[in-house]
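What follows is the residue order along each chain.
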Amino acid sequence: MNKFELKFSAMIENEAVLRVLVSSFLAPLGISDEEIMEVKTIVSEGVSNAIIHGLENDPNRMVEVRIELDDEELYIMIKDDGKGIEDLELALTPMFSTLKIEEHTGMGFTIMSTFSDEFDVKSAVNHGTEIHIRKYLHHYDNDIV
Ligand SMILES: Nc1ncnc2c1ncn2[C@@H]1O[C@H](COP(=O)(O)OP(=O)(O)OP(=O)(O)O)[C@@H](O)[C@H]1O
Ligand SMILES: [Mg+2]
């Protein structure tokens, strides 16, 4: 078992830091580049949602991320205590976005759940949002660890 718990300011620059951290965390495991890309995408979509939507880019507020690896089972939790999601079913619908700007296609949740084996979102208005993800890593070489 290898665990990480992180708290960082809700600044979009920190998304890049998390991507590097995830790469380093997974690099020694002997999994495919494709799976590394999938995990990086899950984390970067989840973290950017927490920063942009949940905490509205307020650098005084913190995003929390937990990453746990137990053999080939990867667990990821991303949490903010921000504004929460009013209609979760709608938010999970492909191409739904509350931000009406072109760069937000409303595909973040859809991409995250596609790349995950288990995907769960809990959210309460004015309390925040938590996403829980499980992903089973393949091509995992126990000899390397
Ligand atoms: N942590 C969060 N806190 C509050 N609202 C959220 C959070 N995460 C997602 N949402 C809501 O769910 C909607 C859908 O999220 P999703 O990631 O699928 O799309 P998006 O972020 O709008 O666009 P994209 O991810 O394609 O840039 C968001 O527009 C937002 O309203
Ligand atoms: Mg998003």
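Here, every reference points to the structure presented above.
Per chain, the residues get numbers from 1 upward, laid out in the order the sequence is written. Numbering of ligands from 1 and lettering of chains from A proceed in the order in which they are written. Two thresholds apply to this predicted model, a pLDDT of at least 70 for residue-level local features and 80 or more for giving and counting side-chain atom pairs, whereas whole-chain, interface and lining totals are computed over all residues. The side-chain numbers reported here are obtained from all heavy atoms of the structure, hydrogens and water having been left aside.

Chemist: Describe the nonpolar core, with residues and values.
Modeler: One broad trend across soluble globular proteins is that nonpolar side chains are buried collectively. For the purposes of this section, nonpolar cores are sets of buried Ala, Val, Leu, Ile, Met, Phe, Trp, Tyr and Cys residues that join through side-chain atoms within 4.5 Å. Each residue is assigned to one of three classes by its accessible area relative to the maximum for its type, calculated with a 1.4 Å probe on protein chains only: buried under 20%, partly exposed between the two thresholds, exposed over 50%. Among the nonpolar cores identified, the biggest contains 33 residues, and L26, V63 and V65 are the most heavily contacted of them. At the level of elements, β1 (2–9), α1 (13–26), α2 (33–54), β2 (62–70), β3 (73–80), α4 (108–115) and β5 (128–136) are the ones that each hand at least two residues to this core. Strands are runs of DSSP state E lasting at least two residues, helices are runs of H or I lasting at least four, and both sets are numbered from the N terminus onward. Considering every element that reaches this core, the biggest residue donor is α2, with seven residues. Aside from chain neighbours lying at most four places away, what touches V63 is L6, K7, F8, A10, A50, I51, L55, I78 and K79. Note on contacts: a residue pair is in contact if any heavy atoms of the two residues lie within 4.5 Å.

Chemist: Could you give me a rundown of the site of ligand 1, with the residues and numbers involved?
Modeler: Here a residue counts as near a molecule or strand whenever at least one of its heavy atoms sits within 4 Å of it. Neighbouring ligand 1 are 20 residues, the closest being N49, H53, S97, T98 and H104. Between ligand 1 and the protein, one listed contact pairs an oxygen atom with a side-chain N or O atom of T105 at 3.2 Å. Any pair of nitrogen or oxygen atoms within 3.5 Å is treated as a polar contact; in protein, a donor-acceptor pairing is required on top of that, and neighbouring residues in sequence qualify only through side-chain atoms on both sides. Interatomic distance of 3.2 Å between a backbone N/O atom of G108 and an oxygen atom of ligand 1. Only the protein chains shown count as cover for residues, with accessible areas throughout obtained via the Shrake-Rupley method and a probe of 1.4 Å. Coverage of ligand 1 by the protein amounts to 94% of the 600 Å² it exposes when considered alone. Residues are said to line a cavity or pocket when one of their atoms sits within 4 Å of a point; the points come from a 1 Å grid over protein atoms alone, cavities being sets where a 1.4 Å probe fits but cannot get out and pockets being open sets with protein on both sides within 12 Å along at least five of seven lines. Pocket or cavity membership: a molecule qualifies when more than half of its atoms sit within 2 Å of the grid points of that site. Mapping ligand 1 onto the cavity grids shows that it belongs to the largest pocket. If you list the elements that add at least two residues to the shell around ligand 1, you get α2 and α4. Among the elements that line the shell around ligand 1, the one with the most residues is α2, at five residues. Across the shell around ligand 1, the residue classes tally to six nonpolar, 11 polar and three charged. Note on residue classes: Ala, Val, Leu, Ile, Met, Phe, Trp, Tyr, Cys and Pro are nonpolar, Asp, Glu, Lys and Arg are charged, and everything else, Gly too, is polar.

Chemist: I'd like to hear about the pattern of salt bridges, residue by residue, with values.
Modeler: Criterion for a salt bridge: a side-chain nitrogen of Lys or Arg within 4 Å of a carboxyl oxygen of Asp or Glu. This model, assessed by the stated rule, comprises seven salt bridges. Residue R66 pairs with E5 through a salt bridge whose shortest N-O separation is 3.9 Å. Taken together, the positions of R66 in strand β2 and E5 in strand β1 put the pair 61 residues apart, joining distant regions of the chain. Residue classification places R66 among the partly exposed positions, given a relative accessible area of 26%. A residue is classified by how much of its surface remains accessible, and E5, at 60% relative accessible area, is exposed.

Geometric descriptors of this kind do not, in isolation, establish any biological role.
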